[in-house]
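A closer look at the structure
Residue strings, one per chain:
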Amino acid sequence: MRKILFGVIITLIVLFTFKYCGDKQEDKIVLQESSTLIKEQIKNVGKLIVTEGHFSEVFNYKNSKDIFGDYFTSEKKALVVVNADVTIAYDLSKIEFEVDEETKTLTILSIPKEEIKISPDFEYYDIQADFLNPFEAKDYNDIKNIVKKSLNKKIEASDIKTNAKNRLISELSKFYILTNSLGWTLQYNNKPITKNEEWEYLKL
């Protein structure tokens, strides 16, 4: 009787051991599948986001040059019309991240900075100059620099940067939706993201 009882106990121990090991293996497989899915989704989100805009400017360029001291002044001027295409891009393939399977945490280490590209088209009208003060390469370079500064100010004051950031936040929100659905934690700048709206208040 004792032998039978001992055999039953041993059998139960072996069965529970196998079941425990099997459950652990299943948990590990699920965890590995989750981390693989997260990495794959990050690759899918890792694309180039481009926001486009168009700006137009009209400039009156003038340059005066004193000849023979203050006795004579030679002036040159031009009317410059500028049409510029502007793109603001975020290359999300450059996102740096870490996946911690033990704590089930996805940490975004860095988000790429915006890339602003300005492509201006210059048209010159009513160019007036004389032999003593002709239009030179320096004048065209000065005009381009003035236009660039002016366009940068217009870009800052426009909605194009806000629209670009909103598109960025929309893509980043996919990380939260994914991790939240899998029971993982998402964090950025050592701060856990507990809801999508928090992206708007983070320094990106």
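Above this text you will find the structure in question.
The structure contained in this document is the topic of the report that follows. (Residues numbered from 1 in each chain as written. Predicted model: local features only at pLDDT ≥ 70, side-chain atom pairs only at ≥ 80, totals over all residues. Heavy atoms only, no water.)

1. Here's the deal with the overall build of the protein chain
Counted only if it meets this: Going along the chain from the N terminus, every DSSP run of H or I of four or more residues is numbered as a helix, and every run of E of two or more is numbered as a strand. Burial classification: accessible surface area is computed with a 1.4 Å probe over protein chains only, and a residue below 20% of its type maximum counts as buried, one above 50% as exposed, and the rest as partly exposed. Note on contacts: a residue pair qualifies if any of its non-hydrogen atoms lie within 4.5 Å across the two residues. Surface accessibility in these figures is a Shrake-Rupley result with a 1.4 Å probe; residues are shielded only by whichever protein chains are displayed.
Counting its regular elements, the protein chain contains three helices and seven strands. Counting every position in the protein chain, which comprises 204 residues, the buried fraction comes to 30%. A sequence separation of at least 24 residues applies to 72% of the contacts in the protein chain between residues at least 6 apart. By element, 54% of the accessible surface of the protein chain is carried by carbon and sulfur atoms, the whole surface being about 14000 Å².

2. Points about the pairing of strand β4 (residues 105–110)
Short version of the rule: A pair of strands is considered paired only if DSSP assigns at least 2 bridges between the two.
Alignment of strand β3 (residues 96–100) against β4, held across five bridges, turns out to be antiparallel. Note on β4: the bridge partner recorded for E96 is S110. The turn linking β3 back onto β4 is made up of four residues, and K104 within it adopts a positive phi angle of 55°. Where β4 lies against strand β6 (residues 185–188), four bridges are found, and the strand directions are parallel. For I108, the partnering residue across the bridge sits in β6 and is Y188.

3. Details of the nonpolar core
Just so we agree on the cut-off: In these notes, a set of buried Ala, Val, Leu, Ile, Met, Phe, Trp, Tyr and Cys residues joined through side-chain atoms within 4.5 Å is what counts as a nonpolar core.
The biggest cluster of nonpolar side chains holds 38 residues, and the ones touching the most others in it are I108, L186 and W199. Elements supplying a minimum of two residues to this core: α1 (2–45), β1 (48–67), β2 (72–91), β4, α2 (137–157), α3 (160–182) and β6. Take this core: its biggest share by element is eight residues, from α3.

4. Remarks on α3
This is how the line gets drawn: By this rule the span expected of a helix is its residue count minus one, scaled by 1.5 Å.
In a regular helix each residue adds 1.5 Å, so 23 residues correspond to 33 Å; α3 covers 34 Å between its end C-alpha atoms and thus fits that length. Within the sequence span of α3, burial applies to I160, K161, A164, L168, I169, E171, L172, S173, F175, Y176, L178 and T179. Directly after α3, the chain includes G183, whose backbone phi takes a positive value near 80°.

5. A short note on the packing of aromatic side chains
Rule in force here: Aromatic pairs are defined between Phe, Tyr and Trp rings, using the six-membered ring for Trp, whenever the two ring centres lie within 6.5 Å; interplanar angles under 30 degrees are classed as stacked, those over 60 as edge-to-face, and all others as tilted.
Going through the model one piece at a time under the given rule, you end up with five aromatic pairs. Arranged with centres 6.3 Å apart and planes meeting at 15°, the rings of F122 and Y124 form a pair that is stacked. Grouping aromatic residues by their ring pairs yields a cluster made of Y61, F122, Y124, F135 and Y140.

6. With respect to a negative patch on the surface
To keep things clear, this is the line we draw: Within the patch definition used here, like charges are joined within 9 Å and nonpolar side chains (Val, Leu, Ile, Met, Phe, Trp, Tyr) within 5 Å, considering only residues with over 30% relative accessible area and no salt bridge. For this analysis, a salt bridge means a side-chain nitrogen from Lys or Arg found within 4 Å of a carboxyl oxygen belonging to Asp or Glu. When charges are counted, neither His nor the chain ends are considered; positive counts come from Lys and Arg and negative counts from Asp and Glu. Positions of charges follow a simple convention, taking NZ of Lys, CZ of Arg, CG of Asp or CD of Glu.
On the surface, a cluster of negative charge is contributed by E52, D85, D121 and E123. Inspection of the secondary structure assignment puts E123 in strand β5 (residues 115–128).

7. Overview of α2
The cut-off we apply is this: When we speak of the arc, we mean the arc of directions from the helix axis to the C-beta atoms.
Taking 1.5 Å per residue, 21 residues should reach 30 Å; α2 reaches 31 Å between its end C-alpha atoms and fits that length. Among all positions of α2, only D139, I143, V147, S150, L151 and I155 are buried. Along the axis of α2, the buried residues cluster in a sector spanning 140°; they form a single face. α2 presents A137, K138, K148, K149, K153 and E156 as exposed residues on the side facing more than 90 degrees away from its buried surface.

8. Thoughts on the sheet that holds β6
To be explicit about the condition: All axes are obtained by fitting lines to C-alpha atoms, using only the stretch in contact for helices, and the reported angles, taken between N-to-C directions, cover 0 to 180 degrees.
If you trace the four strands from one edge of the open sheet to the other, you get β3-β4-β6-β7, paired in mixed fashion. Across the chains shown, the open sheet's two edge strands, defined by having one partner strand only, are β3 and β7 (191–193). Neighbour to neighbour, the strand axes of the sheet diverge by 30° on average, direction disregarded.

9. Quick look at unusual backbone geometry
Even without being glycine, N189 reaches a positive phi, approximately 55°. Along the polypeptide, N189 turns up in the loop between β6 and β7. Although it is not a glycine, N190 sits at a positive phi angle of roughly 60°. Its location among the elements puts N190 in the loop between β6 and β7.

10. Considering the side chain of K76
Where we set the bar: Think of a polar contact as two N or O atoms within 3.5 Å of one another; within protein, one of them needs to be a possible hydrogen donor and the other a possible acceptor, and neighboring residues in sequence only count if both atoms come from side chains.
Position of K76 among the secondary structure elements: in strand β2. We classify K76 as buried; its relative accessible area is 4%. Within the local environment of K76, its side chain forms a polar contact with the side chain of D139, the two groups lying 2.6 Å apart. In this structure, K76 is in contact with Y61, K62, N63, Q128, A129, N133, P134, F135, E136 and D139, ignoring residues within four places of it in sequence.

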